[in-house]
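# A structural walkthrough
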Amino acid sequence: MSLLGNLVGALRRQWRQKLQGDHGQFGGHVRGVVHVGANTGQERLIYDKEGLNVLWIEPIPSVFDTLVANIRALPKQRAVCALVTDRDGVETPFHIANNDGKSSSILDLKHHADIYPDIKFKSTITLKSATLTALFAREGLDPADYGALVMDTQGSELLVLQGAVPLLRSFEYIKTEVADFESYAGCCQLADIDAFMRSAGLQWVEDESNSHTTLDRNFVRHRVVPVLEIGRAHV
């Protein structure tokens, strides 16, 4: 059986605090968003349209500079250059990917390299880590100004959550990209995130975009895996 035959694609999941009523998508029901793994702030105009306070957190200095330029005209959005994990003040190797930094991670590539062979790490830098809790304290941030946490940190999302435990009850919504296979070496997977979220008293909400086959994270689930399954059925 081919390696890809064992893979099931990445999913985007939302978790919501157990609150009264149906709050729907978080845009109309929270004051702001903390977005960890910002890259260049691709969602900035969506957040701006919804009138949200936004804290962008991006670890790569050169990408951070582009992010700052992109949000300069958006007064409710600010950015911090930081590597968020479960530990504060630890020198951490960070691998920078050749796709404008989008696939960069503290973890080595694993099955990600089989699915996207053209994406490679081009360099490694050393960054000092910060927990989200410590970062909020140092920057003088008030969790009440936000309400949603979005993460896209290429396999280290559970570490972000573990370093943010004191803040989690401040977030009505937590949204993350998470794979249910080992995309990066030793990365957290869907079951790990799900167990942590439920232990924190959050309930899972399906994101309708999981069914969109135009999105990269769904390509393996909806296109590659079904083809491989059909191929094995005819062997």
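Residues numbered from 1 in each chain as written. Predicted model: local features only at pLDDT ≥ 70, side-chain atom pairs only at ≥ 80, totals over all residues. Heavy atoms only, no water.

### What about the overall build of the chain?
If you tally the helices and strands in the chain, you get seven helices and ten strands. The buried share of the chain, taken over its 235 residues, is 50%. For the chain, the accessible area works out to roughly 11,300 Å², and carbon and sulfur atoms hold 53% of it. (Helix = DSSP H or I, 4+ residues; strand = E, 2+ residues; numbered from the N terminus. Buried < 20%, exposed > 50% of the residue type's maximum accessible area, 1.4 Å probe, protein only. Areas by Shrake-Rupley, 256 points an atom, 1.4 Å probe, with all protein chains shown as cover.)

### Here we look at the sheet that holds strand β6 (residues 91-97)
The three strands lie next to each other as β5-β7-β6, forming an open sheet whose pairing is mixed. Each edge of the open sheet is held by one strand with a lone partner, namely β5 (83-84) and β6. Sheet topology note: the β5/strand β7 (residues 121-130) ladder contains two bridges and is parallel. Each bridged residue has a counterpart across the sheet, and for Leu83 the counterpart in β7 is Ser129. (Pairing = 2+ DSSP bridges.)

### Considerations on the nonpolar core
Counting residues in each nonpolar core, the largest one holds 29 residues, and the members touching the most others are Val34, Val36, Ile57, Leu132, Leu149, Leu161 and Ile174. Listed by contribution, the elements that provide at least two residues to this core are β2 (32-36), β3 (53-58), α4 (132-139), β8 (148-151), α5 (157-162), β9 (173-178) and α6 (190-199). In terms of residues, this core owes the most to one element, α6, which gives four residues. Residue contacts for Leu149: discarding those within four places in its chain leaves Val34, Val36, Leu132, Leu161, Phe171, Tyr173, Ile174 and Lys175. Counting residues in each nonpolar core, the second largest holds 15 residues, with Val33, Phe64, Leu74 and Ala148 among its members. (Core = buried A, V, L, I, M, F, W, Y, C linked by side-chain atoms within 4.5 Å. Contact = heavy atoms within 4.5 Å.)

### Let's talk about the pairing of strand β4 (residues 77-81)
Taken together, the five bridges between β3 and β4 define a ladder with parallel strand orientation. Bridging from a neighbouring strand, Glu58 pairs with Cys81 of β4.

### A closer look at the packing of aromatic side chains
For the structure shown, the criterion picks out two aromatic pairs. Ring centres of Tyr47 and Trp56 lie 5.4 Å apart, and the angle between their planes is 40°; on these two criteria the pair is classed as tilted. By the burial criterion, Tyr47 is buried, and Trp56 matches it. Taken together, a centroid distance of 6.1 Å and an interplanar angle of 75° make the contact between Phe136 and Tyr146 edge-to-face. Here the residue Phe136 occupies a position in helix α4, and Tyr146 occupies one in the loop between α4 and β8, the gap between them amounting to ten residues. Here Phe136 falls in the buried class, since its relative accessible area comes to 3%. (Phe/Tyr/Trp six-rings, centres within 6.5 Å; stacked < 30°, edge-to-face > 60°.)

### Some remarks on the pattern of salt bridges
Inspection of the entire model under this criterion finds six salt bridges. We note a salt bridge from Glu139 to Arg78, for which the minimum N-O separation is 3.0 Å. One end of the pair, Glu139, is in helix α4; the other, Arg78, is in strand β4, with 61 residues separating them in the sequence. Classification of Arg78 by relative accessible area gives partly exposed; the value is 34%. The closest approach of N and O atoms between Lys102 and Asp100, which form a salt bridge, is 3.6 Å. (Salt bridge = Lys/Arg side-chain N within 4 Å of Asp/Glu carboxyl O.)

### Comments concerning the confidence of the model for the chain
Put simply, the chain has an average pLDDT of 81, and 74% of its residues get 70 or more. Every residue in residues 18-24 scores below 50 in pLDDT, and together they form ten contacts with partners more than four places removed in sequence or on other chains. Here residues 215-235 is a poorly scored stretch, pLDDT under 50, and it has 43 contacts once near neighbours within four places are set aside; other chains count. (pLDDT = per-residue confidence, 0-100.)

### Some words on the side chain of Thr40
With respect to the helices and strands, the residue Thr40 is situated in the loop between β2 and α1 (44-49). Not counting the four nearest positions on each side in its chain, Thr40 is found in contact with Val63, Thr66, Leu67 and Asn70.

### Considering helix α2 (residues 61-70)
Taken together, the buried positions of α2 are occupied by Val63, Phe64 and Leu67. Viewed end-on, α2 has its buried residues packed into an arc of 100°, placing them on one side of the element. Those residues of α2 hidden inside the fold are in contact with β3 and β4. (Arc of directions from axis to C-beta.)

### Brief notes about the pairing of β9
Within β9, six of the six residues are buried, leaving the element largely enclosed by the surrounding structure. Neither face of β9 is exposed, since Tyr173, Lys175 and Glu177 on one face and Ile174, Thr176 and Val178 on the opposite face are all buried. Note that β8 and β9 share four bridges and pair parallel. Within β9, the position partnered with Ala148 by the bridge is Tyr173. What joins β8 to β9 is α5, and the crossover it makes is right-handed. (Right-handed = clockwise from strand over helix to strand, strands pointing away.)

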